[in-house]
Amino acid sequence: MAGDANLDELAKQLDQSLSLGNQHTSTTVTAAAAAVGLEDVSDSSVPEKRSDVESLYSVPSAVGSLTSIDEDITNRTATVLQVPLTAYMPELPKKAASLFAAAASPVHHIAHMIKSGAVKRIIVMAGAGISTDAGIPDFRSPGTGLYANLQQYRLPYPEAIFTIDYFRRKPKPFFVLAKELYPGQFIPTISHFFVKLLAQKNLLLRHYTQNIDCLERVAGVDSSLIVEAHGSFHSAHCISTKCRKEHAQDWVKEQIFGDKIPHCIQCKSLVKPDITFFGE
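Residues numbered from 1 in each chain as written. Predicted model: local features only at pLDDT ≥ 70, side-chain atom pairs only at ≥ 80, totals over all residues. Heavy atoms only, no water.

### Description of the sheet that holds strand 4 (residues 231-238)
No. 1: Taken together, 3 strands build an open sheet; the order of strands is 5-4-6 and the sheet is antiparallel. Edge strands, defined here as strands with exactly one partner in the open sheet, are strand 5 (246-247) and strand 6 (271-275).
No. 2: Bridge analysis of strand 4 against strand 5 gives 2 bridges, and the strand direction is antiparallel. From the neighbouring strand, His-237 faces strand 5, where its bridge partner is Glu-246.
No. 3: Across the sheet, helix 6 (residues 172-181) is in contact with strand 4 and strand 6; its angle to strand 6 comes to roughly 55°.
No. 4: Packed onto the sheet, helix 9 (residues 249-257) meets strand 4, strand 5 and strand 6 and runs at close to 95° relative to strand 4. (Pairing = 2+ DSSP bridges. Helix = DSSP H or I, 4+ residues; strand = E, 2+ residues; numbered from the N terminus. Contact = heavy atoms within 4.5 Å. Axes fitted to C-alpha atoms, helices over the stretch in contact; angles between N-to-C directions.)

Below, the structure written as structure tokens:
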């Protein structure tokens with residue numbers, strides 16, 4: 001059946017995205033969209049290059065010139081599902097030993113469940129793996145992970161760069177690293193756009209992520225559906241418990257890209273993006 005062929009194409013594209021770093025074009029995402037019956041998503045909603053990823057997360061004009069992101073991505077909102085946060089287990093076919101018994105792969109089976117309407121409230125739980133193809137390193141992979149490549153900062157131990165007590169004494173290493181990782185320099189992967197497609201179809205109940213890179217937001221997932229378990233660059237506050245003043249993201253970004261250490265405009269304490277540090 002044509003539907004099965006489309007499901008096969010979705011599985012193929014998603015499987016490729018796990019092993020290849022160049023599957024982020026509009027063609028790939030559109031093929032995945034067609035596979036689950038989301039043909040109404042146009043190519044124009046998927047940025048193809050870094051210059052297309054700006055909006056709120058862009059590099060300031062003082063340090064680079066980027067065009068604005070497609071308004072279709074930044075302005076689109078997802079419908080908030082007014083349903084309780086409960087787990088849903090689809091009914092297994094009679095004689096099926098597991099959810100994946102008759103499927104070519106787990107990805108094929110998940111695609112089939114979505115296409116058939118067997119699941120209507122989907123929770124996504126994501127970690128660093130969905131962002132590594134965008135060029136963002138994970139934390140702990142030997143040799144390539146972030147913690148294995150922090151020698152230039154001369155830290156007492158790698159995790160110190162994300163430890164609140166060390167940050168209070170020596171904030172500069174974090175802000176140097178933050179300049180390298182700041183949103184606006186990376187394009188969302190096919191995984192992020194797949195989450196967006198779930199939201200557009202009112203199938204996404206929540207997207208839980210350990211990532212701090214804001215790529216879900218750049219891809220167009222509405223903030224009401226995102227739970228950033230470790231915080232993110234999306235907002236920033238004074239770290240003083242007596243102040244906690246929120247500072248505009250544009251201002252914080254200008255400070256970071258100007259190689260300055262942000263200090264609170266109200267009490268002069270340090271200002272930090274709302275990434276959850278060790279010790280907080």
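### A closer look at the side chain of Gln-185
No. 1: The residue Gln-185 is located in the loop between helix 6 and helix 7 (190-200) in this model.
No. 2: Of the polar contacts made by the side chain of Gln-185, one reaches the backbone oxygen of Lys-179; its length is 2.9 Å.
No. 3: A polar contact of 3.1 Å, which involves the side chain of Gln-185, links it to the backbone oxygen of Tyr-182. (Polar contact = N/O pair within 3.5 Å; in protein donor to acceptor, adjacent residues only side chain to side chain.)

### Quick look at the UniProt feature "active site" (unreviewed entry) in the protein
No. 1: According to UniProt, the "active site" (unreviewed entry) feature falls on His-230.
No. 2: On the basis of relative accessible area, His-230 is assigned to the partly exposed category, the value being 36%.
No. 3: Apart from the residues lying within four places of it in its own chain, the contact partners of His-230 are Thr-209, Gln-210, Ile-212, Asp-274, Ile-275 and Thr-276. (UniProt positions renumbered as here; feature names shortened; annotations may be inferred. Buried < 20%, exposed > 50% of the residue type's maximum accessible area, 1.4 Å probe, protein only.)

### Here we look at unusual backbone geometry
No. 1: The phi dihedral of Asn-202 is positive, around 55°, even though this residue is not glycine.
No. 2: Structurally, Asn-202 is set in the loop between helix 7 and strand 2 (204-209).
No. 3: Judged by relative accessible area, Asn-202 falls into the partly exposed class, the value being 34%.
No. 4: Here Lys-268, not a glycine, exhibits a phi torsion of approximately 75°, which is positive.

### Structural notes on the environment of Leu-204
No. 1: The residue Leu-204 is located in strand 2 in this model.
No. 2: Under the relative-accessibility criterion, Leu-204 is labelled buried at 1%.

### Overview of the packing of aromatic side chains
No. 1: Scanning the model with the defined rule gives 9 aromatic pairs in all.
No. 2: Judged by centre distance (5.8 Å) and plane angle (85°), the rings of Phe-162 and Phe-277 are edge-to-face. Residue Phe-162 is located in the loop between strand 1 (122-126) and helix 5 (164-169), and its partner Phe-277 is located in the segment after strand 6; the two are separated by 115 residues in the primary sequence. One exposure class covers both Phe-162 and Phe-277, and it is buried.
No. 3: With 5.7 Å between their ring centres and 85° between their planes, Phe-167 and Phe-174 make a pair best called edge-to-face. (Phe/Tyr/Trp six-rings, centres within 6.5 Å; stacked < 30°, edge-to-face > 60°.)

### Some details on the state of the cysteines
No. 1: Under the criterion given, the structure shown has 0 disulfides.
No. 2: Between Cys-267, a free cysteine, and Cys-238, which holds the nearest cysteine sulfur, the sulfur-to-sulfur gap is 3.5 Å. (Disulfide = S-S within 2.5 Å.)

### Thoughts on the sheet that holds strand 1
No. 1: Across the sheet, 3 strands lie side by side as 1-2-3; this open sheet has parallel pairing. Edge strands, defined here as strands with exactly one partner in the open sheet, are strand 1 and strand 3 (226-228). Taking each pair of neighbouring strands and ignoring which way they run, the sheet shows an average axis angle of 15°.
No. 2: Examined bridge by bridge, strand 2 and strand 3 share 3 bridges and lie parallel to one another. Bridge pairing links Thr-209 to Glu-228 in strand 3.
No. 3: With respect to the sheet, helix 7 is in contact with strand 1 and strand 2, its orientation differing from that of strand 2 by roughly 155°.

### Remarks on the pattern of salt bridges
Once their charged atoms are close, side chains differing in charge can pair, the charge on each being opposite to the other.
No. 1: One pass over the structure, following the stated rule, counts 5 salt bridges.
No. 2: Among the ionic pairs, Asp-250 bridges to Lys-253, the shortest N-O distance being 3.8 Å. Placement of the pair is Asp-250 and Lys-253 together in helix 9, with a separation of 3 residues, close to one helical turn.
No. 3: For Asp-250, a relative accessible area of 41% gives the class partly exposed.
No. 4: Its relative accessible area of 3% is what places Lys-253 among the buried residues. (Salt bridge = Lys/Arg side-chain N within 4 Å of Asp/Glu carboxyl O.)

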